[in-house]
Amino acid sequence: MGLFSSLIQRKFKNIAGRRYERILKEYKEFLLTEEEMRLPEIKSILMPLDRFIGEIPPEIYETLSAYNDARVILVYIIDAHVFHVIEQTLGKDISEEFRRKEENDGKLLLEKIAKNFEDLGISPQVRLFFGDKGEDVIKLAEKHDMLVLSKAYGSEITKTHPLSPVVLKIVQHVDIPVIVY
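About the cut-offs
Residues numbered from 1 in each chain as written. Predicted model: local features only at pLDDT ≥ 70, side-chain atom pairs only at ≥ 80, totals over all residues. Heavy atoms only, no water. Helix = DSSP H or I, 4+ residues; strand = E, 2+ residues; numbered from the N terminus. Contact = heavy atoms within 4.5 Å. Areas by Shrake-Rupley, 256 points an atom, 1.4 Å probe, with all protein chains shown as cover. Phe/Tyr/Trp six-rings, centres within 6.5 Å; stacked < 30°, edge-to-face > 60°. 1 Å grid on protein atoms, 1.4 Å probe; cavity = no way out; pocket = protein on both sides within 12 Å on 5 of 7 lines; lining within 4 Å. Points joined across faces, edges and corners; volume = space filled by probe spheres on them. Axes fitted to C-alpha atoms, helices over the stretch in contact; angles between N-to-C directions. Parallel < 35°, antiparallel > 145°, perpendicular 65-115°, else oblique. Left-handed = near helix turned anticlockwise from the far one by under 90°. Nonpolar A, V, L, I, M, F, W, Y, C, P; charged D, E, K, R; others polar. Buried < 20%, exposed > 50% of the residue type's maximum accessible area, 1.4 Å probe, protein only. Arc of directions from axis to C-beta.

*Asks:* Even after reading the chapter, I still don't get the overall build of the protein chain, so can you show me in this structure?
*Replies:* Regarding its fold elements, the protein chain presents 8 helices and 5 strands. Its helices and strands in sequence order give the protein chain the pattern α-α-α-β-α-β-α-α-β-α-β-α-β, from N to C terminus. In the protein chain, 73% of the contacts between residues at least 6 apart in sequence involve partners at least 24 apart. Accessible surface, the protein chain: about 11,800 Å² in total, of which carbon and sulfur atoms supply 53%.

What follows is the structure, encoded as structure tokens:
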């Protein structure tokens, strides 16, 4: 906080006296430290996808293309809990049909988004698996430098709930920069 401390000291020199420490203490949460002013180095970007993702805005591709040295990992997660509920309530045949349809839809979405990245000169890694959409993203995010999430990831959004509950949970539990689009 050296730079801001010196600015405050100059601004309040011979005026604030002892109040300087109190001013610095009360306003330190609004002042960035020199460490906080440095941009984090982004080497890998995690982008979870699912059936609720609509079109990815061109601005997201443009923003991520600025990190041309970073690896982009596209992950399509099929909700294992939903699969098990379908299996228990409607039977094994219906659950297998659901699994095939979800895997097919996931592969198509991954291919489409991967192609959009490849058009920008970024070759993403793709992955598809069954899991918990919230918990698995939180665990995967620990190994990456940035997370890019759709507002609708995990469930549909409404006028009264512009962010899905899964996105809120994830954002509250990760310590890396997050872009929510």
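There is more to say, and it comes next.
*Asks:* Before we go on, may I ask you to explain the packing of aromatic side chains in this structure?
*Replies:* Aromatic rings considered in pairs are described by the distance between their centres and by the relative angle of their planes. Under the criterion given, the structure shown has 2 aromatic pairs. On the basis of an interplanar angle of 70° and a centroid distance of 5.0 Å, the ring pair of Y61 and F117 is categorised as edge-to-face. Taken together, the residues span a long stretch of sequence, with Y61 in helix α4 (residues 58-65) and F117 in helix α6 (residues 92-119) at a distance of 56 residues.

*Asks:* Explain empty space enclosed by the protein to me, please; I cannot follow it from the model alone.
*Replies:* Over the atoms, a rolling probe the size of a water molecule traces out where space has been left empty. The final tally for this structure, using the stated rule, is 1 cavity of 30 Å³ or more. The space that makes up the largest cavity amounts to roughly 30 Å³. Considering the residues around the largest cavity, the lining is formed by G54, E55, I56, Y61, L109, K112, I113 and N116. Top contributing element to the lining of the largest cavity by residue count: α6, with 4 residues.

*Asks:* Could you clarify how one ought to interpret the packing of helix α5 (residues 80-90) against α6 in this entry?
*Replies:* The relative placement of two packed helices is expressed as an angle between their axes plus a distance between the axes. Between α5 and α6, the shortest axis-to-axis distance is 7 Å and the interhelical angle comes to 150°. Between α5 and α6, the interaxial angle falls into the category roughly antiparallel. In this structure, α5 crosses over α6, and the sense of that crossing is right-handed. Between α5 and α6, the residues in contact are V82, F83, I86, E87 and L90 and K92, I94, S95, E96, F98 and R99, respectively. For the contact of α5 with α6, the class distribution of residues is 6 nonpolar, 1 polar and 4 charged.

*Asks:* Quick question: what am I supposed to make of α4 here?
*Replies:* Structural remark: α-helix, 3.6 residues per turn; residues separated by three or four positions point the same way. Buried within α4 we find I60, Y61 and L64. End-on, the buried residues of α4 take up no more than an arc of 100°, which puts them together on one face. Exposed and oriented more than 90 degrees from the buried face of α4 are P58 and E62. Considering only its buried residues, α4 is in contact with β1 (44-49), α6, β4 (146-149) and β5 (178-180).

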